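Architecture and fold: a report
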Amino acid sequence: MLPQRCLLCSAAAEDLALCTACAGDLPLLDPQQCPVCALPTPGAQTCGACLKDPPHFDATRAVYRYDFPLDRLLQSYKYGQRLIVASLFEAALQETPIDGAFDAVIAVPSTPAHLRLRGFNPALELARPLARTLGLPLLLNAVSRPQDAPAQAGLPWKERRKNIRNAFECHTDLSGRRILVVDDVMTTGATLNELARMLKRHGAAHVENRVVARALKE
């Protein structure tokens, strides 16, 4: 019954999370980005890191830089259960270009501890409307993350790949299928890389990521 207020400046925002001005000020990621990992590169060329040590995923598209105030909004969504923020992120993901055809959408699964803490999987809530818009099946039970482990956010960059190793289990034959993976934030890419490795072990021909925000190394 009460009008919605912008989460950043408290101005009237109708039924949205942010007013028009604050939404327009969110830190967009430079469109000139590595087509594989989405880090900014001159001329949108593949970055040196991806050329030297190619990840298991084939491409990534991100909308925002993981920077203030976008980082606070994502944290309020994931840890504060402010699900109204999801509509902002859903709209952003749906505006990312889709190159080529895909066969299914998979959300990065949460650990049992995170599901107990949050009560929902943030990536899954973003994946549902994207799959619906694209007319693709959302594979809810294809992949699980059964074991709890230290949170990636609390670890140094170099430790994240070791921490996430063998974290996922795939329960579906994906032979020849092109998979669109959805997550909220990509930091080092270790989680998405390990998930892509598992998907390709089970036959996926192409794995492409869609994320709301990309953290820059600096």
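Our subject is the structure listed above.
Residues numbered from 1 in each chain as written. Predicted model: local features only at pLDDT ≥ 70, side-chain atom pairs only at ≥ 80, totals over all residues. Heavy atoms only, no water.

**Some details on the overall build of the protein chain**
Each helix and strand in the protein chain was counted, giving eight helices and six strands. When its helices and strands are written in sequence order, the protein chain yields α-α-β-α-α-β-α-α-β-α-β-β-α-β. Going through the 218 residues of the protein chain one by one, you find that 47% of them count as buried. Considering only residue pairs separated by 6 or more positions, the protein chain has 72% of its internal contacts joining residues 24 or more positions apart. As presented, the protein chain carries roughly 11,100 Å² of accessible surface, and 52% of it is formed by carbon and sulfur atoms. (Helix = DSSP H or I, 4+ residues; strand = E, 2+ residues; numbered from the N terminus. Buried < 20%, exposed > 50% of the residue type's maximum accessible area, 1.4 Å probe, protein only. Contact = heavy atoms within 4.5 Å. Areas by Shrake-Rupley, 256 points an atom, 1.4 Å probe, with all protein chains shown as cover.)

**Digging into the sheet that holds strand E6 (residues 206-214)**
Taken in spatial order, the four strands of this open sheet run E1-E6-E5-E2, and their pairing is parallel. Among the strands making up the open sheet, the edge pair consists of strand E1 (59-65) and strand E2 (104-107). Averaged over all adjacent pairs, the angle separating strand axes in this sheet is 20°, with direction ignored. Judged from the six bridges that link them, E1 and E6 form a sheet pairing that is parallel. Residue pairing in the sheet places Tyr 64 in a bridge with Ala 213 of E6. Along the sheet, helix H3 (residues 70-79) makes contact with E1, strand E5 (178-186) and E6, crossing E5 at roughly 105°. (Pairing = 2+ DSSP bridges. Axes fitted to C-alpha atoms, helices over the stretch in contact; angles between N-to-C directions.)

**Concerning the pairing of E2**
Of the two faces of E2, the one holding Ala 104 and Ile 106 and the one holding Val 105 and Ala 107 are both buried throughout. Where E2 lies against E5, four bridges are found, and the strand directions are parallel. Among the inter-strand pairings, Val 105 is bridged to a residue of E5, identified as Leu 180.

**Observations regarding the side chain of Asp 183**
Residue position: Asp 183 is located in strand E5. The side chain of Asp 183 sits in the buried core without any salt bridge; Lys 78 is the nearest counter-charge, 6.2 Å away. Contact partners of Asp 183, with chain neighbours within four places excluded, come to Val 108, Ala 123, Leu 126, Leu 192, Arg 210, Val 211 and Val 212. (Lys, Arg positive; Asp, Glu negative; His and termini not counted. Salt bridge = Lys/Arg side-chain N within 4 Å of Asp/Glu carboxyl O.)

None of the figures reported here should be taken as evidence of function without further support.
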